[in-house]
Amino acid sequence: MEVTASQVMELRKKTGAGMMECKKVLTEAQGDEAKAIELLQERGILKAAKKSGRIAAEGIVSAYVSEDKKIGALVEVNSETDFVSQNEEFKAFVADVVKQVALNNPKDVEELLAQKSIVETDKTVQDVLTSKIAKIGENLTIRRIARYETAGIVESYIHGDGKIGVLVEMETEDSALAKDICMQIAAARPEVIAESDVPADRLEKEKEILKAQVVNEGRPENIAEKIVMGRLGKFYGEICLLDQEFVKDSSKKIKDLLNEKKATIKAFARFEKGEGIEKAEENFAEEVAKQLK
């Protein structure tokens, strides 16, 4: 029999399993929802789906760059515990995911999950992820991806065993320079490349803050604007990559270094594991008690 979209949606709502898995088991069960749920249980998918609501803020950031340095990708894949993030099977899965992003160029995580896996070609990436959740026993999430393809070069840098990852696209053939820029981005946390890339609302808000500080210092309001413009240099030096001091030589800024090398930074991505994810507060005694039950 033909399985309807509404049946698939209803099973997904009840179980939390992926759309493709719901459609697959409903088809095998000839539309029998109870039998379909049994199939999900037998395959460990229902167990994995229940874990999908738990917070995953650990994990690793991983990068892949092609041998000719024309294509590169960066991904963050999260787990619930740091222990699992050191698991070799988990690391291998993340390596497969970042290579898939580089080779198949999904526009976002949703499209990536729907693609056929480059490793297990009879499954989607979502299917493989669900299987890993069931096997490893923790919620795992592919949180974000970045990919560059260029006529110049792409370079990457991974810091702290996957805690921070950087991917940069540059107009240059100097791989060592590109690696230095990656390390700069990892260490100095720029938000944009140039001053012109700072969003207008962000700039106006910073000006308001600086003006309030100047007025509170007792400076005359008629000269506050000039003082604010002078202090904006520090703001730009913190968030604009080109205005930052080079971490290897503080006597020059990144824009000076690029001028010397006749190089240009086209784009960059910096992922830090778990940034922005609100971690659940855990009671260790309660956790141990749960394990003993």
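Note that the structure is a prediction, hence the values are computed from the model and not measured.

1. Brief notes about the pairing of strand 2 (residues 71-78)
Here comes step 1: Counting buried positions along strand 2 yields 7 of 8 residues, so the element is predominantly enclosed.
Here comes step 2: Where strand 1 (residues 60-65) meets strand 2, 6 bridges bridge the pair, whose relative direction is antiparallel. Looking at strand 2, one finds that Ile-60 is bridged to Val-77.
Here comes step 3: Hairpin remark: strand 1 followed by strand 2, antiparallel, with 5 residues in the connecting loop; positive phi at Lys-69, about 60 degrees.
Here comes step 4: Pairing between strand 2 and strand 3 (residues 141-149): 8 bridges, direction antiparallel. The residue of strand 3 that forms the bridge with Gly-72 is Tyr-148.

2. Here we look at the packing of aromatic side chains
Any pair of aromatic rings gets described here by the distance separating the centres and the angle formed by the planes.
Here comes step 1: Here the structure, examined in full by the defined rule, presents 1 aromatic pair.
Here comes step 2: Relative to Tyr-236, the ring of Phe-235 lies with its centre 5.7 Å away and its plane at 50 degrees, an arrangement referred to as tilted.
Here comes step 3: Looking at Phe-235, the relative accessible area reads 4%, which means it is buried.

3. Considering the environment of Glu-2
Here comes step 1: As for its position among the elements, Glu-2 is in the segment before helix 1 (5-15).
Here comes step 2: Here the alpha-carbon distance between Glu-2 and Thr-27, two residues 25 residues apart in the chain, equals 7.4 Å.

4. Things to note about the sheet that holds strand 2
In any sheet, the strands associate via hydrogen bonds between backbone groups, in a parallel or an antiparallel arrangement.
Here comes step 1: Taken in spatial order, the 3 strands of this open sheet run 1-2-3, and their pairing is antiparallel. Each edge of the open sheet is held by one strand with a lone partner, namely strand 1 and strand 3. Along the sheet, successive strands turn relative to each other by an average axial angle of 15 degrees, direction set aside.
Here comes step 2: Sitting on the sheet, helix 6 (residues 88-104) touches strand 1, strand 2 and strand 3, and the angle it makes with strand 2 is about 140 degrees.

5. Looking at the sheet that holds strand 8 (residues 264-272)
Here comes step 1: A sheet is described by the order of its strands in space; here 3 strands give the open sequence 4-5-8, paired in antiparallel fashion. The open sheet has two edge strands with one neighbour each: strand 4 (153-159) and strand 8. Averaged over all adjacent pairs, the angle separating strand axes in this sheet is 15 degrees, with direction ignored.
Here comes step 2: As judged from the 8 bridges shared by strand 5 (residues 164-171) and strand 8, these two strands associate in the antiparallel manner. Bridged to Leu-167 within strand 8 is Ala-269.
Here comes step 3: Contacting strand 4, strand 5 and strand 8, helix 9 (residues 175-188) crosses the sheet at an angle of about 45 degrees to strand 4.

6. Describing a nonpolar patch on the surface
Here comes step 1: Among the surface-exposed residues, Leu-103, Ile-118 and Val-119 lie close enough to one another that they form a single nonpolar patch of about 240 Å² accessible area.
Here comes step 2: The residue Val-119 is located in the loop between helix 7 (109-114) and helix 8 (125-136) in this model.

7. Here's the deal with the confidence of the model for the chain
Here comes step 1: Per-residue pLDDT for the chain has a mean of 87; in total, 88% of the residues score no lower than 70.
Here comes step 2: By mean pLDDT, helix 13 (residues 284-292) is the weakest element of the chain at 47, and strand 5 is the strongest at 98.
Here comes step 3: Note on residues 287-293: pLDDT is under 50 here. Beyond four places in sequence and across chains, it has 0 contacts.

8. Details of helix 6
Here comes step 1: For helix 6, spanning 17 residues, the distance from its first C-alpha to its last is 24 Å, which sits close to the expected 24 Å at 1.5 Å a residue.
Here comes step 2: Listing the buried residues of helix 6 in full gives Phe-90, Phe-93, Val-94, Val-97, Val-98, Gln-100, Val-101 and Ala-102.
Here comes step 3: Its buried side turned inward, helix 6 meets strand 1, strand 2, helix 5 (82-85), helix 7, helix 8 and strand 3.
Here comes step 4: Sitting at the head of helix 6, Asn-87 places a side-chain oxygen 2.7 Å from the backbone nitrogen of Glu-89.

9. Things to note about the packing of helix 9 against helix 12 (residues 254-261)
Here comes step 1: Between helix 9 and helix 12, the least distance of the axes is 12 Å, while the angle of their chain directions is 175 degrees. Comparing the axis directions of helix 9 and helix 12 gives the class roughly antiparallel. Counting all contacts with helix 9, which are made through Leu-177, Ile-181 and Gln-184, the residues of helix 12 involved are Ile-254, Leu-257, Leu-258 and Lys-261.
Here comes step 2: Of the residues in the contact of helix 9 with helix 12, the class split is 5 nonpolar, 1 polar and 1 charged.

10. What about helix 2 (residues 19-28)?
Helical geometry: 3.6 residues make up each α-helical turn, so side chains three or four residues apart lie on a common side.
Here comes step 1: Within the sequence span of helix 2, burial applies to Glu-21, Cys-22, Val-25 and Leu-26. Along the axis of helix 2, the buried residues cluster in a sector spanning 125 degrees; they form a single face.

11. Focus on unusual backbone geometry
Here comes step 1: Residue Lys-69 is not a glycine yet carries a positive backbone phi of 60 degrees.
Here comes step 2: For Lys-69, the position within the fold is in the loop between strand 1 and strand 2.
Here comes step 3: For Lys-69, a relative accessible area of 24% translates into the label partly exposed.
Here comes step 4: Phi at Asp-161 is positive, roughly 55 degrees, even though this residue is not glycine.

Conventions used here
- All residue numbers here refer to positions counted from 1 along the written sequence of the relevant chain.
- pLDDT decides what is reported in this predicted model: residues at 70 or higher carry local features, side-chain atom pairs at 80 or more are listed and counted, and totals for whole chains, interfaces and linings draw on all residues regardless.
- As a rule here, side-chain values cover all heavy atoms of the structure and leave hydrogens and water aside.
- Relative accessibility under 20% of the residue-type maximum defines a buried residue, over 50% an exposed one, and the middle range a partly exposed one, all with a 1.4 Å probe and only protein chains included.
- Here a helix means four or more residues in a row that DSSP labels H or I, a strand means two or more in a row labelled E, and each is numbered from the N terminus.
- Strand pairing is defined by DSSP finding a minimum of two bridges between the two strands.
- Any pair of Phe, Tyr and Trp rings, taking the six-membered ring for Trp, is counted once the centres come within 6.5 Å. Such a pair is stacked with planes under 30 degrees apart, edge-to-face with planes over 60 apart, and tilted for the rest.
- Axis definition: a line fit to C-alpha positions, over the contact stretch in the case of helices; interaxial angles, taken between N-to-C directions, run 0 to 180 degrees.
- Contact criterion: two residues are considered in contact whenever any of their non-hydrogen atoms come within 4.5 Å of each other.
- Here a patch means residues that are over 30% exposed by relative accessible area and free of salt bridges, tied together within 9 Å if like-charged and within 5 Å if nonpolar (Val, Leu, Ile, Met, Phe, Trp, Tyr).
- Note on areas: Shrake-Rupley, 1.4 Å probe, and residue coverage restricted to the protein chains presented here.
- Salt-bridge detection follows one rule: a side-chain nitrogen of Lys or Arg within 4 Å of a carboxyl oxygen of Asp or Glu.
- Scored from 0 to 100, pLDDT reflects the predictor's confidence in each residue.
- Residue count minus one, scaled by 1.5 Å, sets the expected span of a helix.
- Any pair of N or O atoms that falls within 3.5 Å is considered a polar contact. Within protein, one atom must be able to donate a hydrogen and the other to accept it, and sequence-neighbouring residues count only if both atoms are side-chain atoms.
- By the definition adopted for this analysis, an angle is roughly parallel if under 35 degrees, roughly antiparallel if over 145, roughly perpendicular if from 65 to 115, and oblique otherwise.
- Charged residues are taken to be Asp, Glu, Lys and Arg, nonpolar residues to be Ala, Val, Leu, Ile, Met, Phe, Trp, Tyr, Cys and Pro, and polar residues to be all remaining types, Gly included.
- The arc in question is the one spanned by the directions pointing from the helix axis to the C-beta atoms.

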